[in-house]
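# Coordinate inspection notes
Letter by letter, the chains look like this.
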Amino acid sequence: MHGIVDVTAQAAKTSEAPSGPLLEVRDLTVEFATRRGVVTAVSQVNLTLAKGETLGIVGESGSGKSVTSYTVMRILDRAGRIAEGSITFSGIDVAHAPESAMRDLRGREMSMIFQNPRAALNPIRTVGRQIGDVLLQHVQADARNVKEKVIDILKQVRIARPEERYHAYPFELSGGMCQRIVIALALACRPQLMIADEPTTGLDVTTQKAVMDLVTELTRERGMSTLLITHDLGLAAAYCDTVMVMEKGRVVETAPAERIFRDPQHPYTRKLMRATPRPGITLKDLLPEEPDVPPAPAENPLPLAGEGRVGAGASTMATVSGAGAVPLLKVENLLKEYPRQGAPSAFLSGLFGKKAPPEERIFRAVDGISFEVKKGESVGLVGESGCGKSTTSTIVMRLIDPTAGKITFDGEDISAIPAKDFAHHPLRGRIQMVFQDPTESLNPRYTAERAIADPLLRMGGMSGGAKLRARVAELAEMVGLPQNLLERFPHQLSGGQKARIGIARAIALDPDLVILDEPTAALDVSVQAVVLNLLEELKQRLGMSYLFVSHDLHVVGLLCDRVIVMRQGRIVEEGSSQQVLDAPKDAYTRELIAAIPHPPV
Amino acid sequence: MTLATADTPAPRGLAATLAHARYVISDNPVTGIAFGMFLVLVVCALLGPFIVPYDPLASDTAAALQAPSAAHWFGTDNLGRDIFSRVIVATRLDMAIAVFSVALVFAAGGIAGIASGFFGGWTDRIIGRISDTIMAFPLFVLAMGIVAALGNTVTNIVIATAIINFPLYVRVARSEAAIRRQAGFVQAARLTGNSEWRILLTTILPNIMPIMMVQMSLTMGYAILNAAGLSFIGLGVRPPTPEWGIMVAEGAAYIVSGEWWIALFPGLALMFAVFCFNLLGDGLRDIVDPQRRT
Amino acid sequence: MLKLIGSRLATAVPSLIGVVIVTFMLTRVLPGDTAAYFAGPAATAESIAEIRTKLGLDKPLPAQFVDYVSALAKGDLGSSLSTGQPVAAEISARLPASAELTLAGLVLALAIAVPFGIMAAVKQGSWVDHACRLITTAGVSLPVFFTGLLLVYVFYFKLGWAPAPLGRLDVFFSAPETVTGFYLIDSLIARDFETFRAALAQLAVPAITLAIFALAPIARMTRASMLSVLSSEFVRTARAAGLTDTTVIITYAFRNAMLPVVTTLGMVFSFLLGANVLVEKVFAWPGIGSYAVEALITSDYAPVQGFVLAMAILYVVLNLLIDIAYGIIDPRARSEA
């Protein structure tokens, strides 16, 4: 056993059966009482976790993976209950153990790290004291040596200057640092089992790798077992011994990590595996073998009604990317500065969630960048949060004004037109955007039909009637949105369907340039695969150019001809997708690529 | 032609809203009860003078200070006036004060708040400064000051009540508009060539409306309390006009000698009205909450 | 910490300036003749003209404002028409009575509402929770003057437990020597326990009236913010780390939940200071509220104006204290300063 752990009744029990698994879940069914009756969240789940083993539970949203892990800790909220089955953790019947016994287990024998590290910490208590609370609770320290022990733990999770950070509040630390604190909390009492619930979602890819490497190292060192809950099959395969795939509350497949990519058995696993972006594949490879949802271009040969601006000729030309093509968008020495927070109007500062380190008065979000997008070309703009990619795209979109620099669109200088006047400019319809969060980008009071019709009514010269209806129906068909969903409101549609509406709205005016702002970041991987293919197909068909803003180099590589890598407002590398992904020149790009989890293929 | 008229929710949406309202009421009977109470208030306000048994102003000294009986359900006051009749007839005046002041502040505060949240900058600073200044006073005290200064009339009670509620409306409308100012669907509306004012009116306003309606219902109760409080201390409504606040004031002197009914019934009427609007506000909140719709 | 207080003080200054401007405007930018207001209803044309000159109302508005502010700076709020007494003296003499009543009401309300709201949130769906929701909705619907009268009827007329609702102290007692102006504290200082009991008996019913009024918004906010904090992720983390319920609820949830409650206190004070006027009238409490009400009835304007200004300044100061309390609880507010 581990040195510090007290020899308690439970520990004694464990040692009676040294060969048994640490955690065993049999036929677990969890139900939730909701307003619409009882909903089964998890059904007949079996899992076994040996000592020192790392098990990945993979599934898309609603698969029941988080519920399973919460049930193991017995921290389900009030509405949930174990309807059937058993959970045995080192000989203890978790389903029936008294609450006091569970409390002793939590934190000391089993612990958990969470998705959003900043929210997982008490905002008004110093991190040192929060870790200290756990140590004191489980009698791992007393009032005299608690600070010393906490600092020791902070050192173990590689927090620099731990004495200072002991007194820090969560809001004073970065996201990655907060996640280290959460890990420190979870490891403070050297538990036997650690459950990591999407521990890296929302973190930048380089931070993500650092956090995962740290977790792996610390848990291995201590001989701990780990349950890794994730939506990312690649991450699970890279860090786990065994991977369990869940779909709609059921386990569809459990297999060793090295086998799950090589030889997936269940059709859902195959679909999930194929949809995971990885090196050396094409967009088509993301889709399941048997194409089901998206209408392939071949089934849809009708030319675009009416609009002659983009002909078949243009779209064939568009596919010939690169050399000799005319620049559609030219950005020169673009600069955007913001005043730092703490300026006179503290009254207004609450409106913007700006996080500005208080070094100077002025913060340069975009620091003099230049690039081009040619006709029919897809350019990826990649970087981690705060690199200035979204600011750049919003300026190019002409929603905000740059501080300096020139933007030429199709030969016309559009940076001279103030953002607020651009709404009425004839060029407005030719630059469109697909937003990051499909839910948030749809007016909750508009039906799908009305949302798609909006640009046509405002800028397409249409005013209702049969022609508008026909155009909306045509657009819906192009994006693969079933006609019977057009009457629905956003809250009645799925994420993928909402994404399609967003795309239909963006292409309604036959734009020349579409800016894709992380269009798939909020979607499950299988939906992402379909949406990426749809975007590619539409581009081929309509001859548009894309400026694809993303944090994910792999996804960008799949869709884009060229990639621009940004860091701290500057461009660090630019080149063809293949060149940047296969032979990155800049150290930062290399770091980005290395940070993407590499499943053992 | 759902498309051309679709700025307002399509009929399907309206039907769905009604269905949802029905569902909420059946699911939450309290809202149903509140709605019933509201109907009672409306009937009393509209038909009050026609349905009461006695003239609310006619005094009958022979019948003064009678306890509730079959003839006088709520008893009589020191001048022998029938309290039941006075309480019912007073509904119209009390409701009118509340309705007009809420309508006034809804228009002024709502627009100011939305503009403030949506445009930001100087608009926001000026409107913010005005509401901060109002908020720097204890609100009822400010209302007293305003009525005393503008003159002791019912109209000025309406104005004072509207003014003290102004910051509340500004705050709600401002924060709702500010949240949505950078929302994806507002950005999308900009991309489709909508001007800022058009976005404000067709995109922001309809989305904020439900929350403002809840706010209206909740402040109705507060407006009634405020107006009654002002007339209780002798501002605004003059005797012998039947009004709940002043009637409680008239009954206050008799409480210590045990004639409880003079103050009790108008007080209960006040409570009934305020309670009704508070319940209704809570219920409306559930109805307009899209998260709870199916 | 000093920085926090400094920045909060800086934000209070514009509020104070606004308050002074508004109270000035309330008397000068009136429809009709201001001098006539000040002269009272029975004044002749000459006396109105005399008052106009005396008050400086024949000067241009900015000059009048300067006069007003310089008089304010000297603590001069004018004189009452009916008594001839300076308003400032009268208000400062009566302020302790109002303050004692308001504070007693607030402390009582907090002592009941906060634990009640916490219990309702912790045991969500239990009878405590249902009771809490019923009481908070009913509580905000109660006209405070009406509650006061009901309590007088029950506790004075029916049960005879409370003394007659006539002021701070029964006529047979003499007020304790003034130290703080609060009878409860002063009588204890004077070791006069009889007077203490008598003062407490007079204070009890009006204070309970105010407490019932303030209870609802505090309990409602405590419950709501406690519920939201209890379902937050850091509480889940604390639970997952095996901390006991007591630690989770007190150390983790409660302190966070208090932040919105402290903010709500500003609103509660606003209501309380207003309700205070009504309660003082019901209980013939000799505070500044009843002073203002008496002046209002006789159209004696200077006391009303002085009262509005005094209340506003008091309220600005209270808000300042609330802001500072917030900063003490929340490190984020401290670092913003």
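As a convention, each chain's residues are numbered from 1 in the sequence order in which they are written. Written order determines the labels here, with chains lettered from A and ligands numbered from 1. Confidence filtering applies because this is a predicted model: local features only for residues at pLDDT of at least 70, side-chain atom pairs given and counted only at 80 or more, and all residues used for totals across whole chains, interfaces and linings. Calculation of side-chain values draws on the structure's entire complement of heavy atoms; hydrogens and water are dropped beforehand.

Every helix listed is a DSSP run of H or I at least four residues long, and every strand listed is a run of E at least two residues long, numbered separately from the N terminus. Along the backbone of chain B there are ten helices and zero strands. Seen in sequence order, chain B has helices and strands lined up from the N terminus as α-α-α-α-α-α-α-α-α-α. Within the span of chain B, comprising 294 residues, buried residues form 56% of the whole. When checking whether two residues touch, look at their non-hydrogen atoms; a contact exists if any pair is within 4.5 Å. Contacts in chain B between residues far apart in sequence, at least 24 positions, make up 73% of those at least 6 positions apart. Here the accessible surface of atoms and residues is derived via Shrake-Rupley with a 1.4 Å probe, and residues count as covered only by protein chains that are part of the display. Per element, the accessible surface of chain B, about 11300 Å² overall, is 71% carbon and sulfur. A simple rule labels every residue: compare its accessible area, found with a 1.4 Å probe on the protein chains alone, to the largest value its type can have, and call it buried under 20%, exposed over 50%, or partly exposed in between.

Before going further, it helps to examine the pairing of strand β3 (residues 54-58) of chain A. All names here are of chain A. For β3, the buried fraction is high: five of the five residues fall into the buried class. Judged by which residues are buried, β3 turns out to be covered on both faces: T54, G56 and V58 on one side and L55 and I57 on the other are all buried. In this sheet, strand β8 (residues 225-230) lies alongside β3 in parallel orientation, the contact comprising five bridges. For G56, the partnering residue across the bridge sits in β8 and is L228. Here β3 pairs with strand β9 (residues 242-247) via four bridges, running parallel. Residue G56 lies in a different strand from β9, and its bridge partner there is V243. For two strands to count as paired, DSSP must find a minimum of two bridges between them.

What follows covers the pattern of salt bridges. Residues and elements named next belong to chain A. Just to be clear on terms, a salt bridge is a Lys or Arg side-chain nitrogen sitting within 4 Å of an Asp or Glu carboxyl oxygen. For the structure shown, the criterion picks out 42 salt bridges over all chains. A salt bridge links R81 to E31; its shortest N-O distance comes to 3.2 Å. Residue R81 is found in strand β4 (residues 80-89), and its partner E31 is found in strand β1 (residues 23-34); the two are separated by 50 residues along the sequence. Residue class for R81 comes out partly exposed when judged on its relative accessible area of 49%. Classification of E31 as buried rests on a relative accessible area of 19%. A salt bridge links R430 to D410, with the shortest nitrogen-to-oxygen separation between them at 2.5 Å. In this pair, R430 is assigned in the loop between α15 (419-422) and β16 (431-434) and D410 in the loop between β14 (404-409) and β15 (412-413), connecting sequence segments 20 residues apart. Accessibility expressed as a relative area gives 23% for R430, which makes it partly exposed. Overall, the relative accessible area of 32% leaves D410 in the partly exposed class.

This part is about the sheet that holds β15(A). Residue and element names in this part refer to chain A. The antiparallel open sheet is built from four strands, whose spatial order is β12-β11-β14-β15. Each end of this open sheet is capped by a strand with a single partner; those strands are β12 (362-374) and β15. Pairing of strand β11 (residues 327-339) with β12 involves ten bridges; the strand directions are antiparallel. Residue pairing for β12: L335 is matched across the bridge by D367. Axis definition: a line fitted to C-alpha atoms, over the contacting stretch in the case of helices. Angles run 0 to 180 degrees between N-to-C directions. Contacting β11, β12 and β14, helix α14 (residues 389-396) runs over the sheet at an angle of about 120 degrees to β11.

This brings us to the UniProt feature "domain: ABC transmembrane type-1" (unreviewed entry) in chain B. UniProt positions are given in the numbering used here, feature names are shortened, and annotations may be inferred rather than shown by experiment. Under the present numbering, the feature "domain: ABC transmembrane type-1" (unreviewed entry) in UniProt falls on residues 91-281 of chain B. Between the end C-alpha atoms of residues 91-281 of chain B there is a gap of 20 Å, over a span that is 85% helix and 0% strand.

This part is about the sheet that holds β1(A). Residues and elements named next belong to chain A. Spatial ordering of the open sheet is given by β2-β1-β4-β5, a layout of four strands whose pairing is antiparallel. Every other strand in the sheet has two partners, leaving β2 (37-49) and β5 (92-93) as the edge strands with one partner each. Pairing geometry for β1 and β4, over eight bridges, is antiparallel. By the bridge assignment, E24 is partnered in β4 with T88. In the packing of helix α2 (residues 65-73) onto the sheet, the strands contacted are β1, β2 and β4, and the crossing angle to β1 comes to about 110 degrees.

Below, the discussion takes up the confidence of the model for chain A. Low-pLDDT stretches of the model should not have their predicted coordinates read in fine detail. Residue and element names in this part refer to chain A. With 87% of its residues at a pLDDT of 70 or more, chain A shows a mean pLDDT of 82. The quantity called pLDDT is the predictor's confidence in a given residue, expressed from 0 to 100. Throughout residues 291-323 the model reports pLDDT below 50, and contacts reaching past four residues in sequence, or to other chains, amount to 32 contacts. In this model, residues 342-359 is a region of pLDDT below 50 whose contacts with residues beyond four sequence positions or in other chains number 21 contacts.

With numbering aligned to this structure, UniProt lists the feature "transmembrane region" (unreviewed entry) at residues 30-52, 95-122, 134-151, 157-173, 218-237 and 260-280 of chain B. Helix and strand shares over residues 260-280 of chain B are 95% and 0% respectively, and the end C-alpha atoms of the span are 30 Å apart.

Here we take up the environment of K65(A). Residue and element names in this part refer to chain A. Structurally, K65 can be placed in helix α2. Given the relative accessible area of 8%, K65 is considered buried. Sequence spacing of K65 and D152 is 87 residues, and the spatial spacing of their C-alpha atoms is 33 Å. When residues no more than four places from it in sequence are discounted, the contact partners of K65 are I57, V58, G59, E60, E198, I229, T230, H231 and M246. There is a polar contact of 3.2 Å between the side chain of K65 and the backbone oxygen of G59. Here a polar contact is recorded for every N or O atom pair within 3.5 Å, except that within protein the pair must consist of a potential hydrogen donor and a potential acceptor, and residues adjacent in sequence are included only if both atoms are side-chain atoms.

Two aromatic rings from Phe, Tyr or Trp, using only the six-membered ring of Trp, form a pair when their centres are within 6.5 Å; if the ring planes differ by under 30 degrees the pair is stacked, by over 60 it is edge-to-face, and anything between is tilted. Overall, the coordinates contain 16 aromatic pairs over all chains when judged by the stated rule. Considering the side-chain rings of F24(C) and Y68(C), the 5.4 Å spacing of their centres and the 45 degrees angle between planes classify their relative orientation as tilted. You can see F24(C) sitting in helix α1 (residues 2-28) and its partner Y68(C) sitting in helix α4 (residues 61-73), a full 44 residues away along the chain. Its relative accessible area of 5% is what places F24(C) among the buried residues. Relative to F157(C), the ring of Y153(C) lies with its centre 5.5 Å away and its plane at 15 degrees, an arrangement referred to as stacked. Of the two residues, Y153(C) and F157(C) are both situated in helix α7 (residues 144-158); the distance of four residues between them amounts to about one turn of the helix. We classify Y153(C) as buried; its relative accessible area is 14%. Judged by its relative accessible area of 35%, F157(C) falls in the partly exposed class. The structure contains a cluster of three or more aromatic residues connected by ring pairs, namely F74(B), F84(B), W260(B), W261(B) and F265(B).

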